[in-house]
Each structure stands twice: as structure tokens, then as C-alpha cells.
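Residue-level structural notes
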Amino acid sequence: MSKPARVLTFKCANCEKPVKVFLQKVSACSHIQPYQGVCGCGVLKRHATGNKDAVQSYLASPEGQWSHHH
């Protein structure tokens, strides 16, 4: 299995400029790879790949309050 990308780029939903999101540090598992970044306009962008339930949990959690447990 290949390693997830460390940086992904998306279009900001607010200003439509490119925003880079960075792979966040998580436990050494392949269930989820969460990403987060802040656009130059100040809007937080979150993204995740992996297990559907874990991804939904990450995206629905308040900023900074998500944790992954086995």
C-alpha cells in the first residue's frame, strides 16, 4: 500500500483560490488520513480519506476535537 500524499490542494469554497491541506499526525493506521489547512482568506479546509465512518466522524467533529480510537 502506498503512503498518502502529505499535501493536497483544493479550491476554497469562500474565495475560490487554491488552498493547501496538510496530512495531520494520527496513529499508525490506515483507517483514515485526515488533512487540514487554512486558506489565505482565513477559511479552514478539512479533508480526509480512508474508512467512510472515520472520515464522516472527522469532518463532522468540531475543529481540534477529533480523535481516532481503535
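Structure shown above.
Below: a short report on this structure. As the structure is a prediction and not an experimental result, all values here were calculated from the model.

Moving on, we get to the overall build of the chain. Counting its secondary structure elements, the chain contains one helix and four strands. In sequence order, the secondary structure elements of the chain are arranged as β-β-β-β-α. Just so you have it, the chain exposes about 5100 Å², and 51% of that area is on carbon and sulfur atoms.

We now examine the packing of aromatic side chains. Inspection of every chain in the model, using the stated rule, returns zero aromatic pairs. Above the ring of Phe10, the side-chain terminus of Lys45 is found at 4.8 Å from the ring centroid.

Next up on the list: the side chain of Arg46. Relative to the assigned elements, Arg46 resides in strand 4 (residues 44–50). Taking the relative accessible area as the measure of exposure, Arg46 reaches 16% and is therefore buried. Within the structure, Arg46 has its side chain in polar contact with the backbone oxygen of Tyr58 (distance 3.0 Å). Side-chain polar atoms of Arg46 contact the backbone oxygen of Ser61, separated by 2.7 Å. Sequence-distant contacts of Arg46, that is, excluding residues within four places in its chain, are made with Tyr35, Gln36, Tyr58, Leu59, Ser61, Pro62, Glu63 and Trp66.

Moving on: helix 1 (residues 52–60). Along an α-helix, residues three or four apart share an orientation, since each turn contains 3.6 residues. Every buried residue of helix 1 is accounted for by Ala54, Val55 and Tyr58. For helix 1, the angular spread of the buried residues around the axis is 100°, confining them to a single face. Exposed positions of helix 1 whose direction lies more than 90 degrees from the buried face are Lys52, Asp53 and Ala60. Contacts from the buried residues of helix 1 go to strand 3 (32–38) and strand 4.

This brings us to unusual backbone geometry. At Glu16, a position not held by glycine, the phi torsion is positive, near 70°. On the secondary structure map, Glu16 appears in the loop between strand 1 (7–11) and strand 2 (18–23).

Time to look at the pairing of strand 3. Burial of strand 3 is extensive: five of the seven residues sit out of reach of the surface. The pairing of strand 2 with strand 3 spans two bridges and is antiparallel. Looking at the pairing, Leu23 lines up with Tyr35 of strand 3. Sheet topology places strand 3 next to strand 4; seven bridges connect them, and they run antiparallel. Bridge assignment links Tyr35 to a residue of strand 4, and that residue is His47.

The rules behind the values
- Residues numbered from 1 in each chain as written.
- Predicted model: local features only at pLDDT ≥ 70, side-chain atom pairs only at ≥ 80, totals over all residues.
- Heavy atoms only, no water.
- Helix = DSSP H or I, 4+ residues; strand = E, 2+ residues; numbered from the N terminus.
- Areas by Shrake-Rupley, 256 points an atom, 1.4 Å probe, with all protein chains shown as cover.
- Phe/Tyr/Trp six-rings, centres within 6.5 Å; stacked < 30°, edge-to-face > 60°.
- Lys NZ or Arg CZ within 6 Å of the ring centre and 35° of its normal.
- Buried < 20%, exposed > 50% of the residue type's maximum accessible area, 1.4 Å probe, protein only.
- Polar contact = N/O pair within 3.5 Å; in protein donor to acceptor, adjacent residues only side chain to side chain.
- Contact = heavy atoms within 4.5 Å.
- Arc of directions from axis to C-beta.
- Pairing = 2+ DSSP bridges.

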